[in-house]
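Listed below are the residues making up each chain.
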Amino acid sequence: MPMPIQATVSHASLAAASLLAACGLLAAAPAAAEPLRALYSVRGGGLQMMQVEAIFDVDTPGRYSVTAAWRTTGMARLFGGAEFSGGAEGRWVGNQARPQRYNVAGTMRGEARRTLMEYPAGQPVVRIRQADPDEQRDPVPEAQTRNTTDQFSAVAQLARIIAETGRCDAQTVIYDGARRVEMQTRTAGRDRLFPWSSAWHGEALRCAFTGLQTAGFKQDDSERAREPQEGVAWMAPPRPGDMPIPVRLEIPSRLFGAMTIYLMEVGPAAPAARAASSSAGSAAGASAAGAPSAASRGP
């Protein structure tokens, strides 16, 4: 479906962060694992479009926290610069992840955007929704928001499923304050990823996923927006002893056909980053495969 590139970049930014969060901890962290920082390069149409930095902290007893920060880079900034950060925190009730707070904020083309949700009585309530004032979007009926989770908290539940079954097979319903998406993941085998630039490479578990938006459509969306969107996430421990995280992903893009997300750097999260998402594109952290830092490579 033809659409303005600004909208495509915004949608892809959210999709990249969501998919990294939704797939990022599809396997349980080893005991006493430290929070892990991972830096990704998002590429489409032969260009780097975004950088995404994720902090995975799921080893604290009784609670979890997953955060991410993402920003457009290079040529993509000419079509609508975007910079966002946010995440979710929650608690365990038995083997079930229960989100307590979801907060994403940033700017799109210089204008502030924010969504804040809390979960009194276990159900999502939108406290703040600062969107494009010109956006015409159908509201998600309250009945369809019940028993949903956010894209970050879905991580923890999927982690438990994988820990018990050793597979990617799971279903969840994600609500981000504007859209309702039914997400399904399934085990699709194992692959050996070949080198690209200085990104991580090696053997990884292949997890196929399908996302189907069922509510919260823009009023100018075409029928294609109602079609299932499919992609693949390859999961592996980036270093010996690490928890499995996405080492490469392929996600759909309405304008560029497909976007590929490469793991470029990985390492322990800095103490300050464990409480909140740090800015995307930071040069801290170790190289995923001998790569120089993000700062030395440039955007």
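Since the structure is predicted, the reported quantities are computational estimates derived from the model, not experimental observations. (Residues numbered from 1 in each chain as written. Predicted model: local features only at pLDDT ≥ 70, side-chain atom pairs only at ≥ 80, totals over all residues. Heavy atoms only, no water.)

1. Some details on the overall build of the protein chain
Looking only at helices and strands, the protein chain features four helices and 14 strands. Per-residue burial over the protein chain gives 50% buried out of 299 residues. Taking all contacts inside the protein chain whose residues are at least 6 apart in sequence as the whole, residues at least 24 apart take part in 57%. Within the structure as shown, the protein chain displays about 13,000 Å² of accessible surface, and the carbon and sulfur contribution to it stands at 51%. (Helix = DSSP H or I, 4+ residues; strand = E, 2+ residues; numbered from the N terminus. Buried < 20%, exposed > 50% of the residue type's maximum accessible area, 1.4 Å probe, protein only. Contact = heavy atoms within 4.5 Å. Areas by Shrake-Rupley, 256 points an atom, 1.4 Å probe, with all protein chains shown as cover.)

2. Re the state of the cysteines
The term disulfide refers to a covalent linkage connecting the sulfur atoms of a pair of cysteines. Across all of its chains, the model carries one disulfide by this definition. Each sulfur of the disulfide joining Cys 168 and Cys 207 lies 1.9 Å from the other. Taken as a pair, Cys 168 in the loop between helix H3 (154-165) and strand E8 (170-175) and Cys 207 in strand E10 (residues 202-215) lie far apart in primary sequence, 39 residues in all. (Disulfide = S-S within 2.5 Å.)

3. Concerning unusual backbone geometry
Positioned with a positive phi, Ala 121 is a non-glycine residue whose angle comes to about 60°. Relative to the helices and strands, Ala 121 resides in the loop between strand E6 (111-118) and strand E7 (125-130). What makes Ala 121 exposed here is its relative accessible area of 82%.

4. Considering the packing of aromatic side chains
Tallied over the entire structure, the rule returns four aromatic pairs. On the numbers, 6.0 Å between centres and 15° between planes, the contact of Trp 70 with Phe 84 is stacked. Of this pair, Trp 70 sits in strand E3 (residues 63-72) while Phe 84 sits in strand E4 (residues 82-93), and the two are 14 residues apart along the sequence. Comparing Trp 70 with Phe 84, the two get one shared label, buried. (Phe/Tyr/Trp six-rings, centres within 6.5 Å; stacked < 30°, edge-to-face > 60°.)

5. Details of the environment of Val 181
The residue Val 181 is located in strand E9 (residues 180-193) in this model. The spatial distance from the C-alpha of Val 181 to the C-alpha of Pro 228 is 9.8 Å, given a sequence separation of 47 residues. When near neighbours in sequence (up to four residues on either side) are disregarded, Val 181 contacts Thr 172, Val 173, Ile 174, Gly 211, Leu 212 and Gln 213.

6. Section: the pairing of E6
Sheet topology note: the strand E5 (residues 96-108)/E6 ladder contains eight bridges and is antiparallel. Across the sheet, residue Arg 101 finds its bridge partner in E6, namely Glu 118. Linking two consecutive strands that pair antiparallel, namely E5 and E6, is a turn of two residues; a positive phi of about 55° is found at Arg 109 within it. For E6 and E7, the ladder comprises five bridges, and the chain directions are antiparallel. Counterpart to Arg 114 in the pairing with E7 is Gln 130. Connecting E6 to the antiparallel partner E7 that follows it, the hairpin turn spans six residues, and Ala 121 within it adopts a positive phi of roughly 60°. (Pairing = 2+ DSSP bridges.)

7. Some details on the confidence of the model for the protein chain
Chain-level pLDDT for the protein chain is 78 on average; 75% of the residues reach the 70-or-more range. Segment residues 1-17 is flagged for pLDDT under 50; beyond a separation of four residues in sequence, or across chains, it makes 35 contacts in the model. This model gives residues 276-287 a pLDDT under 50, and the stretch forms 41 contacts once residues within four places in sequence are excluded. (pLDDT = per-residue confidence, 0-100.)

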